[in-house]
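What follows is the residue order along each chain.
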Amino acid sequence: MTEFETLFRDKQPFVYRYLVKLTRDAALAEELTQETFFRAYMNYSGLRDKDKASVWLCQIAKNAYFTWYNEQKKRGTLPENADGEAKSLEEAFERRELSGKALACLHALEEPYKEVFMLSVFGGFSLKDVSAIFGKSESWARVTFYRARLKLMERMNQHGL
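From a predicted model like this one, the values you see are computed outputs, not experimental measurements. (Residues numbered from 1 in each chain as written. Predicted model: local features only at pLDDT ≥ 70, side-chain atom pairs only at ≥ 80, totals over all residues. Heavy atoms only, no water.)

Draft legend 1. Molecular detail of the pattern of salt bridges. What the rule picks out here adds up to seven salt bridges. Across the pair arginine 9 and aspartate 10 runs a salt bridge whose closest N-O atoms are separated by 3.1 Å. For glutamate 115, the salt bridge is made with lysine 62, and the minimal N-O distance between the two is 3.3 Å. With a gap of 53 residues between them, glutamate 115 in helix H5 (residues 113–121) and lysine 62 in helix H3 (residues 53–75) connect regions that are remote in the sequence. Lysine 62 matches glutamate 115 in its accessibility class, with the two residues each being buried. Overlapping salt bridges, with partners in common, bring together Glu110, Lys151 and Arg155 in one network. (Salt bridge = Lys/Arg side-chain N within 4 Å of Asp/Glu carboxyl O. Helix = DSSP H or I, 4+ residues; strand = E, 2+ residues; numbered from the N terminus. Buried < 20%, exposed > 50% of the residue type's maximum accessible area, 1.4 Å probe, protein only.)

Written out as C-alpha cells, the structure is:
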C-alpha cells in the first residue's frame, strides 16, 4: 500500500465527517470528499509535514466546498437550506450582506486563529478534536479559539458589525 493510500484509508472518514458537518448533506459530503482526495492526490508531493495531513486535508475540503458553493450561487441553483430560510427578500439581503462582512473579517484573521475558529464553529469539531488535528494540547486549542473570538469581535466592531 502506498503512502497516499494509507493516508486515504486513515483520513477519509474524518474528512467525510468534517464535510457532513459543514454541508449538512451526506450526498454532497461524499462528492466533496472524493474531490478533496483527488486534489490531495494531485498535490501530495507538496505536503511537507505528514503529521499535519489532517489540517491540510480539511483546508482542501473547505476550499472544495466553497468552490462548489460559489458555482451553485452563480448558477442560482443553491438548495433552499444552503442560505437559510428568509421570511422576506429584504431580510435575506440584509442577512447575506452581514454574513459576507463577518466572513471577510474572519478571513482577515491570521493563522492558526482562523483555522481553529472555523474548525470549531463551522466544522462542529470539539476543541479536543481541533487540538488533535494540530497536534497540540487541548489548552492550546482553547486559548487559540478564545483569542480568535476576541480578534474577530474586535475586527467586526471596527467595521460596525
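Draft legend 2. Expanded view of the side chain of lysine 62. The exposure class assigned to lysine 62 is buried, which follows from its relative accessible area of 3%. Setting aside anything within four residues of it in sequence, one finds lysine 62 in contact with Tyr18, Leu22, Glu115 and Met118. (Contact = heavy atoms within 4.5 Å.)

Draft legend 3. Representation of the packing of aromatic side chains. As enumerated under the stated definition, the model contains 10 aromatic pairs in all. A centroid spacing of 5.4 Å and a plane angle of 55° characterise the contact between tyrosine 65 and phenylalanine 66, whose relative ring orientation is tilted. On the accessibility criterion, phenylalanine 66 (24% relative accessible area) is partly exposed. With a centroid separation of 5.3 Å and 50° between ring planes, the pair formed by phenylalanine 134 and tryptophan 140 is classed as tilted. According to the relative accessible area criterion, phenylalanine 134 is buried, its value standing at 12%. (Phe/Tyr/Trp six-rings, centres within 6.5 Å; stacked < 30°, edge-to-face > 60°.)

Coordinates in, geometry out; function isn't part of it.
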